Amino acid sequence: FEPQTHEPGPKTIMGKSYPEGPQALDMVLRDLAHHPGTARFIATKLARHFTADEPPVSLVDKLAATFNQTGGDLAAVYRTLIDAPESWLPAQRKLKTPEEFAITSLRLLGTSERNLAKGKDSLLGNLGQRPHTAPSPAGWPDTADEWLGPDAIWKRVEWALRLAERLGDRVDARALARDSLGPLLNDNTAQQIERAADGPQALVLLLMSPEFQRR
């Protein structure tokens, strides 16, 4: 707290007046944490990130209730999220972000990429999600609409092609599809991968399949 740069006098925030001085910050944060809208805001963001762009209302209600009951204990809110059956529905309702897509691709293939996050021309940067460059303090978008533009999809295709050029002849994408996706593997997707002309094409089809693109 630097008094010389602090605007003097009381401040009014959301209809409540706070005194001048450093103690006001703690008072504001405390009141915001206990505001009814805060519980629902945090509950919605958590449910949206982990379950679906339009999360179940029942799950948001549970998380908000835990937040209010525990005075904002986030660990308790996380436990409620984990214990809720709505968090474990089998449907893949979230599109992977570029970061998630890149990381899961490398994990699937058992490889690493040292340049994944380095420099403005990094592989993650090429996918549109270079680390530490979120467009605002709110962070990266967390809904599919923000990542489904034609250019964004083409960047994913290019990512898949680059990996396939390096590793497509060394892996069995057909077996990988069965082992990694299990019961989530759609019959049509499996058929398209089986019909691929070669290993690299099969790997691209796997990486760009709806089942692999979602979580």
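First, a word on what this report is: a plain description of the structure on this page. (Residues numbered from 1 in each chain as written. Predicted model: local features only at pLDDT ≥ 70, side-chain atom pairs only at ≥ 80, totals over all residues. Heavy atoms only, no water.)

On to a nonpolar patch on the surface. Together, Ile13, Met14, Leu25, Leu29 and Leu32 make up a nonpolar patch on the protein surface, roughly 460 Å² of accessible area in all. When residues of the nonpolar patch are assigned to their parent elements, the largest contribution, 3 residues, is made by helix α1 (residues 23–33). Here Ile13 is to be found in strand β1 (residues 11–13). Among the residues examined, Ile13 registers a relative accessible area of 33% and is labelled partly exposed. (Patch = residues over 30% accessible without salt bridge, like charges linked within 9 Å, V, L, I, M, F, W, Y side chains within 5 Å. Areas by Shrake-Rupley, 256 points an atom, 1.4 Å probe, with all protein chains shown as cover. Salt bridge = Lys/Arg side-chain N within 4 Å of Asp/Glu carboxyl O. Helix = DSSP H or I, 4+ residues; strand = E, 2+ residues; numbered from the N terminus. Buried < 20%, exposed > 50% of the residue type's maximum accessible area, 1.4 Å probe, protein only.)

Let us look at the environment of Thr70. Here Thr70 is to be found in the loop between α3 (57–69) and α4 (74–83). Residue Thr70 is classed as partly exposed on the basis of its relative accessible area, which comes to 36%. Among the polar contacts listed, one links the side chain of Thr70 to the backbone oxygen of Thr66, at a separation of 2.8 Å. (Polar contact = N/O pair within 3.5 Å; in protein donor to acceptor, adjacent residues only side chain to side chain.)

For the rest of this paragraph, the subject is the packing of aromatic side chains. The final tally for this structure, using the stated rule, is 3 aromatic pairs. Look at Phe101 and Phe212: their rings are 6.3 Å apart centre to centre, the planes differ by 75 degrees, and that puts the pair in the edge-to-face class. Taken together, the residues span a long stretch of sequence, with Phe101 in helix α5 (residues 98–109) and Phe212 in helix α11 (residues 210–213) at a distance of 111 residues. In this structure, Phe101 and Phe212 share a single accessibility class: buried. Both rings, one in Trp140 and one in Trp147, keep their centres 6.1 Å apart while their planes meet at 40 degrees; by these two values the pair is tilted. Residue class for Trp147 comes out buried when judged on its relative accessible area of 7%. (Phe/Tyr/Trp six-rings, centres within 6.5 Å; stacked < 30°, edge-to-face > 60°.)

Between its terminal C-alpha atoms α3 stretches 18 Å, which fits the 18 Å expected from 13 residues at 1.5 Å a residue. Among all positions of α3, only Leu59, Val60, Leu63, Ala64, Thr66 and Phe67 are buried. Projected down its long axis, α3 shows its buried positions confined to an angular sector of 160 degrees, all on one face. In α3, those exposed residues whose orientation departs by more than 90 degrees from the buried face are Val57 and Gln69. Remark: Gly71 follows α3 within two positions and exhibits a positive phi of approximately 70 degrees. (Expected span 1.5 Å × (residues − 1). Arc of directions from axis to C-beta.)

What the rule picks out here adds up to 9 salt bridges. Of the charged contacts in the structure, one is a salt bridge between Glu100 and Arg215, with a shortest N-O distance of 3.2 Å. Taken as a pair, Glu100 in helix α5 and Arg215 in the segment after α11 lie far apart in primary sequence, 115 residues in all. Residues Lys155 and Asp151 are paired through a salt bridge, measuring 3.2 Å at the closest nitrogen-oxygen approach. Note that Lys155 and Asp151 are positioned in helix α7 (residues 150–167) at a spacing of 4 residues, about one turn of the helix. A relative accessible area of 47% means that Asp151 is categorised as partly exposed. Each member of the salt-bridge network shares a partner with another, and the members are Asp53, Lys94 and Asp142.

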